[in-house]
Amino acid sequence: MVSIKGVRKRVVAGVVSTLTAGLALGAFAFDGTADGATGVEATPGGPRVKPTVVLEHGAFADASSWNGVITRLRADGYPVVAAANPLRGPAVDAAALRTVLDHIQGPEILVGHSYGGNVISEAAAGDPDVKALVYVAAFLPAPGETALELTDKFPGSTLSGALDPVAYRQADGTTVTDLYIRQDRFRHQFAADVPRGQAALMAAGQRPIAQAALAEKATVAAWKTKPSWDIITTGDLNIPAAAQRFMAERAHAHTTEVAASHSVAVSHPPLVADVIERAARATVRWPCPAPRHRTLTGSRSPVPPRARC
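Here is what the cut-offs are and how they apply
Residues numbered from 1 in each chain as written. Predicted model: local features only at pLDDT ≥ 70, side-chain atom pairs only at ≥ 80, totals over all residues. Heavy atoms only, no water. Helix = DSSP H or I, 4+ residues; strand = E, 2+ residues; numbered from the N terminus. Salt bridge = Lys/Arg side-chain N within 4 Å of Asp/Glu carboxyl O. Buried < 20%, exposed > 50% of the residue type's maximum accessible area, 1.4 Å probe, protein only. Pairing = 2+ DSSP bridges. Axes fitted to C-alpha atoms, helices over the stretch in contact; angles between N-to-C directions. Parallel < 35°, antiparallel > 145°, perpendicular 65-115°, else oblique. Left-handed = near helix turned anticlockwise from the far one by under 90°. Contact = heavy atoms within 4.5 Å. Nonpolar A, V, L, I, M, F, W, Y, C, P; charged D, E, K, R; others polar. Core = buried A, V, L, I, M, F, W, Y, C linked by side-chain atoms within 4.5 Å.

Here's the deal with the environment of Val-266
Item 1. Along the chain, Val-266 turns up in helix α10 (residues 264-267).
Item 2. Along the primary structure Val-266 and Val-69 are separated by 197 residues, whereas in three dimensions their C-alpha atoms are 7.9 Å apart.

This is how it looks when you write it as structure tokens:
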């Protein structure tokens, strides 16, 4: 699982290398191999290898936002990595994500929530091991577009009025502004269909995004060359549903619409996991064992087991 791919070598310069090495190691705490869920299943026909699902969170969240999705994917035999997103800008964040991808053996399904869509669109470009992209209430920018531009392309976002900007001075003397969502507005803005207590924990633990990241232009769009799936959230107050539909249609993505808030991975984890597994089955082929029948007590009729392939 963690052997470095010999087929491609990337050099991430200076500060990015130092930053991302720690992030990649931290991300592997979520690796599906921790308790034996390696994605390799012994079958009568030989080993069956499922793709690794790599999850990239967005702004105002962290990797724990995927916990419900991870639980379901692992139960179905998929190895999973929930990467730590620096939230500094698409170029830097994509470089961080590529260090994670380079430590994974075999095919990968790359999933991005919200601003994480910007990141996976860049990180997956030119990577033959990434077989599919799954966007979850996310941005699918074209080269030259920014997250801010796409948010404002259609009416409906109330994010700007809920933000709490915090400016700080860096070691080199430059000033950076980080954006949080005000905790008293977090649930309404970000997670309206999440239980109140859980939303309060999410608000307290949210990770800020650099304001400059939302204005950084995309340079590449992996969805132009890789099959894509998209979950569109019709109750979203961060990225309007109209903007999500526009991006999905342009990318010719397989779409699923759900009446959910921006935090759909938290409020609807079975749906998100199902879409990810559909993308995996459609793009990665692995041998499937011959079905073994079971018989219900008191019945003579054989009942096929639940399909896991």
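Focus on the pattern of salt bridges
Item 1. Evaluation of the coordinates by the stated rule reveals six salt bridges.
Item 2. The salt bridge involving Asp-178 is made with Arg-88; its shortest N-O contact spans 3.1 Å. Of the two residues, Asp-178 is situated in strand β8 (residues 175-181) and Arg-88 in the loop between β4 (80-83) and α3 (90-101); the sequence distance between them amounts to 90 residues.
Item 3. Given the relative accessible area of 28%, Arg-88 is considered partly exposed.

Focus: the sheet that holds strand β5 (residues 108-113)
Item 1. Spatially, six strands are ordered β4-β3-β5-β6-β10-β11 in an open sheet, and the strand pairing comes out parallel. Pairing within the sheet leaves two strands with one partner each, and these edge strands are β4 and β11 (254-258). Sheet twist, expressed as the mean angle between neighbouring strand axes with direction ignored, is 15°.
Item 2. Two elements, β5 and strand β6 (residues 130-136), share six bridges in a ladder whose sense is parallel.

Focus: the packing of helix α6 (residues 183-190) against helix α7 (residues 196-204)
Item 1. The geometry of α6 relative to α7 is characterised by a closest axis approach of 9 Å and an angle of 120° between their N-to-C directions. The angle between α6 and α7 falls in the class oblique. Between α6 and α7 lies a crossing of right-handed hand. From α6, Gln-183, Phe-186, Arg-187 and Phe-190 reach across to α7, where they touch Arg-196, Ala-199, Met-202, Ala-203 and Ala-204.
Item 2. When its residues are assigned to classes, the contact of α6 with α7 shows six nonpolar, one polar and two charged.

Concerning the nonpolar core
Item 1. In terms of nonpolar packing, the biggest core is built from 49 residues, with Phe-60, Leu-97, Leu-110, Leu-133, Phe-186, Ile-209 and Trp-223 touching the most fellow members.
Item 2. Of all the elements, α3 adds the most residues to this core, at four residues.
Item 3. Not counting residues up to four positions away in its chain, the partners in contact with Leu-133 are Leu-110, Ile-120, Ala-124, Ala-222, Trp-223, Lys-226, Pro-227, Ser-228 and Trp-229.
Item 4. The next biggest cluster of nonpolar side chains, apart from the first, holds 30 residues, and it includes Ile-70, Ala-132, Val-284 and Trp-286.

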